[in-house]
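Residue-level structure breakdown
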Amino acid sequence: MKNVPKMRTAINYVFLFCILLGGLFLIFLLNVGVGSANISVRDIFQILAGKVSVTDSRYLIIYRIRIPRALASAAGGAALAVAGFLLQTFFANPIVEPYVLGISSGSSLFVGLVLLGGITFGARSVSPMFLFAGAFFGAMLVMVIVIIAARKVKSIITLLIIGMMAGYVCSAATSIMTAFAERESLQMFTMWSMGSFAGFTWSQVGLLYAIVFPMIFLAFLLAKPLNALNLGDRYAESMGINVRLVRYALILISSVLTAVVTAFAGPVSFIGLAVPHICRIAFNTADSRILIPAAAIGGGLMAGFCDFTARNIMSPVELPLGAITAVIGAPLVVYLLMKRGDL
Amino acid sequence: MNDLGYILSTDHLDVGYESRTVIRNVDIQALKGQTICLLGPNGAGKSTILRTLTGMLSPVNGCVYIEKNDVRRMKSADRAKKLAVVLTEKLNLNMTSAYEVAAMGRTPYTGFFGRLTDEDKEIIEECLRTVGAWELRDRDYRSLSDGEKQKVMIARALAQRPELIVLDEPTSHLDIKHKIEVVRILNKLAIETGLTVILALHDIDIAVKFCQIVLLVKDGKIVAQGRPEDIVRRDTVDELYGIEEGAFYDSILGSVEICNEANPEIFVMAGAGCGIPVYRLVSRLGFGIATGILAQNDIDYVVASAMKLTAVSTRSFQPIREEEIRQAQQCMERCRFVIDTGFPVGQENRENAKLLRQAVGRGKRIFSLRDPKDSAEICGQNANIVHVSSMAELSGRLQGELA
């Protein structure tokens with residue numbers, strides 16, 4: 001929107017979006033093709049086109065394991081990045097994200113309750129809807145605590161610490177619970193809590209997309225009020241924005257997005273923090289109309305890349321996803337903190 | 001409610017937070033093109049009044065009307081087209097150009113996604129040009145100076161095409177250039193476009209010179225209200241700011257002078273404004289001052305009395321009398337030094353020249369800012385006078401005497 005080089009800006013945006021989409025597609029192909037059994041791009045297209053027998057092992061690997069996983073990482077990353085972007089706008093602060101604010105930990109606690117409690121008390125399996133409900137409840141709980149605290153304390157550092165502490169309490173409760181859990185369910189929970197896009201079933205992928213896409217679309221519809229909110233509540237209000245309504249919508253959308261990813265893939269850190277920032281810097285704008293779609297695509301790309309790294313870097317051993325996102329994300333947080341002297 | 005065409009009016013308004021009343025009976029009726037200023041010390045409740053007027057805060061009692069509508073009941077989008085605000089809070093904006101900030105002012109008019117039409121763009125350009133910030137449009141907002149930021153924020157408010165603009169302390173933290181610029185912009189808008197301006201200030205001099213109506217706010221009350229000429233007087237201002245000692249407000253000049261009531265050690269011969277810089281300089285060095293002989297219509301007298309100096313004076317447009325000469329002689333006699341400010345000598349103050357010659361005759365130590373040639377004409381060739389060519393030199397000489 002900068003007036004003089006306007007055309008150049010528009011071309012830049014198109015160019016950057018093309019790069020993001022291209023990257024997303026590339027990482028999807030890599031995730032589907034590369035692994036313990038490598039499958040060529042030509043084969044992938046043939047399989048997708050239905051020209052390969054359904055009993056072929058490559059078909060099974062791709063359809064049962066790799067495509068759901070690649071799709072899940074794309075949607076999960078998008079959800080986390082958009083949730084991070086919304087929270088950063090909500091708190092007018094660049095270093096918040098679901099994981100930092102303890103929202104993921106809240107989700108973990110309730111997912112733990114559902115997973116450990118459910119199986120311990122005799123349920124044979126846990127329905128995905130139930131998992132999601134637990135994760136959502138946990139996310140909202142921590143979110144509400146942080147928001148109530150935000151009314152009292154103005155310092156963002158204090159607020160972050162409150163979020164982190166809420167997260168620790170949730171983690172403590174979770175670990176107490178694991179002490180009583182049965183071995184079988186415990187292993188499942190431990191795997192989950194390290195974060196991974198592995199083991200997604202098609203029905204889980206369906207649910208993930210059914211929740212993530214409408215939520216990101218809703219967030220995109222809020223782009224104009226979000227832009228006004230960049231000037232602060234009072235200015236936004238004076239320009240005719242219903243700030244309360246927008247804030248409620250922000251809480252709801254970011255909690256749902258965080259919860260749905262946490263329910264199925266476990267707590268995944270730093271994607272929600274790093275991606276919005278990389279997008280801001282790359283696009284050189286604070287305009288939500290650009291940044292929400294950019295963060296969604298970029299989040300999918302980054303999650304896909306991290307998942308690819310986790311699977312292949314130490315192959316055949318698969319690393320926990322959380323380790324990869326942290327290694328990439330943590331230095332970025334430090335960099336941002338040091339660059340921003342006015343926190 | 002109001003048939004007189006008030007843009008903003010109040011009805012039995014008490015303002016405060018929740019049920020705690022801060023200020024009772026706020027009575028503001030703002031006409032088109034009026035500039036109304038709330039003046040008062042920090043913490044007097046000016047911001048509380050402004051926040052209530054803009055509908056951000058609900059009144060404890062009573063009502064605020066924008067034209068004929070209750071400001072709290074208006075749809076916020078409708079209100080945004082009538083009323084724009086400029087607040088004191090600092091913006092935390094990243095990666096946003098000055099143009100984009102100003103463009104935010106179109107928010108109440110743009111469609112669902114906030115896309116700017118050609119008309120919007122014309123209005124934004126016009127508003128940025130009005131405040132003289134069009135050249136800043138591509139700069140990152142964060143890189144602007146405080147004064148430039150303020151101009152951009154005013155452009156943003158104007159882009160809302162309001163009939164009323166409310167500003168909270170728009171000139172604080174600004175340097176003098178930007179202070180004046182901001183006030184001039186607002187004044188011009190009020191006169192040329194009929195924009196009504198309501199603002200809080202704590203610069204008395206700016207308020208008095210720029211606003212049509214002033215409300216003095218202190219300790220939860222509006223202590224006076226009306227045209228600045230009527231209500232901004234020495235006593236009201238000194239009371240308003242609780243200035244009891246050390247400084248004095250002068251209503252003719254609209255400025256605050258620092259008092260100097262120390263025992264006079266230096267006699268300053270002044271007139272026609274030559275004395276003012278010397279008074280200030282000598283006061284800063286810590287000397288007490290006596291001055292004279294000044295006509296009461298002399299600008300030097302106005303400042304000397306605001307500073308509470310010992311001043312020998314004569315009534316306006318009257319020749320100097322014997323009695324006043326004697327007074328001046330006595331004053332001069334008690335002082336250690338005499339300073340000749342180089343005041344013009346004419347028909348009415350010839351006596352001052354005579355007084356200067358007497359000082360020479362009595363062997364007083366005299367510092368003179370006058371040209372030595374002119375000095376010789378008044379006091380003769382061999383007079384014992386120390387001529388200084390600048391205020392800096394005078395300051396140095398006096399400090400030398402002190403040591």
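Quick look at the structure, then.

This next bit is on the interface of chain B and chain A. In this complex, chain B contributes 40 residues to the contact, which on the side of chain A involves 29 residues. Across the chain B/chain A interface, buried area totals approximately 3,000 Å², and carbon plus sulfur atoms make up 58% of it. When the buried surface of chain B facing chain A is broken down by residue, Met95(B), Met104(B) and Phe113(B) rank first, second and third, together holding 22% of it. Along the contact surface separating chain B from chain A lie one salt bridge. Salt-bridge contacts for Glu89(B) lead to Arg234(A); the nearest nitrogen and oxygen are separated by 3.9 Å. Run the count over chain B and chain A and you get nine residue pairs in polar contact (both at pLDDT 80 or more). Those elements that place two or more of their residues in the side of chain B that touches chain A are α2 (76–82), β7 (83–86), α3 (98–103) and α5 (146–159) of chain B. Here the element with the most residues in the side of chain B that touches chain A is α2(B); it accounts for four residues.

All names here are of chain B. The strand order across the open sheet formed by six strands is β16-β15-β14-β17-β18-β19, and the pairing between neighbours is parallel. Only two strands of the sheet have a single neighbouring strand rather than two, namely β16 (310–314) and β19 (385–387). Each neighbouring strand pair of the sheet contributes to a mean axis angle of 20°, computed without reference to strand direction. Bridging between strand β17 (residues 337–340) and strand β18 (residues 365–368) involves four bridges; their strand directions are parallel. Of the residues in β18, the one forming a bridge with Val338 is Ile366.

This part covers the pairing of strand β4 (residues 35–39) of chain B. All names here are of chain B. Here β4 lies mainly inside the structure; five of its five residues are buried. Side chains Thr35, Cys37 and Leu39 project from β4 onto one buried face, and the interleaved Ile36 and Leu38 project onto a second face that is buried too. Two elements, β4 and strand β9 (residues 196–201), share five bridges in a ladder whose sense is parallel. Bridging across to β9, Leu39 finds its partner in Leu201. Here β4 runs beside strand β10 (residues 213–218); their pairing, made up of four bridges, is parallel. Across the sheet, the residue bridging to Ile36 is Ile213, located in β10.

Moving on: the packing of aromatic side chains. Residues and elements named next belong to chain A. Using the criterion set out here, one finds 14 aromatic pairs over all chains in the structure. Geometrically, the ring pair formed by Phe110 and Phe137 is edge-to-face, given 5.0 Å between the ring centres and 75° between the ring planes. Taken together, the positions of Phe110 in helix α4 (residues 103–120) and Phe137 in helix α5 (residues 128–152) put the pair 27 residues apart, joining distant regions of the chain. We classify Phe110 as buried; its relative accessible area is 17%. By relative accessible area, Phe137 is classed as partly exposed at 48%.

Okay, the sheet that holds β7(B) next. All names here are of chain B. Here we have six strands laid out as an open sheet, ordered β7-β8-β9-β4-β10-β11, and mixed in their pairing. In this open sheet, the two edge strands, each paired with only one partner strand, are β7 and β11 (221–226). On average, each strand axis in the sheet is tilted by 15° relative to the strand beside it, whichever way the strands run. Across five bridges, the pairing between strand β8 (residues 164–168) and β9 is parallel. Opposite Asp168, over in β9, you have Ala200 as the bridge partner. Across the face of the sheet, helix α1 (residues 46–53) comes into contact with β4, β8, β9, β10 and β11 while running at roughly 155° to β9. Of the strands in this sheet, β7 and β8 touch α5, which is tilted by about 170° from β7.

Cut-offs used in this document
Residues numbered from 1 in each chain as written. Chains lettered and ligands numbered in written order. Predicted model: local features only at pLDDT ≥ 70, side-chain atom pairs only at ≥ 80, totals over all residues. Heavy atoms only, no water. Contact = heavy atoms within 4.5 Å. Buried area = accessible area lost by both parts, 1.4 Å probe. Salt bridge = Lys/Arg side-chain N within 4 Å of Asp/Glu carboxyl O. Polar contact = N/O pair within 3.5 Å; in protein donor to acceptor, adjacent residues only side chain to side chain. Helix = DSSP H or I, 4+ residues; strand = E, 2+ residues; numbered from the N terminus. Pairing = 2+ DSSP bridges. Axes fitted to C-alpha atoms, helices over the stretch in contact; angles between N-to-C directions. Buried < 20%, exposed > 50% of the residue type's maximum accessible area, 1.4 Å probe, protein only. Phe/Tyr/Trp six-rings, centres within 6.5 Å; stacked < 30°, edge-to-face > 60°.

So yeah, pure geometry; function would need other evidence.
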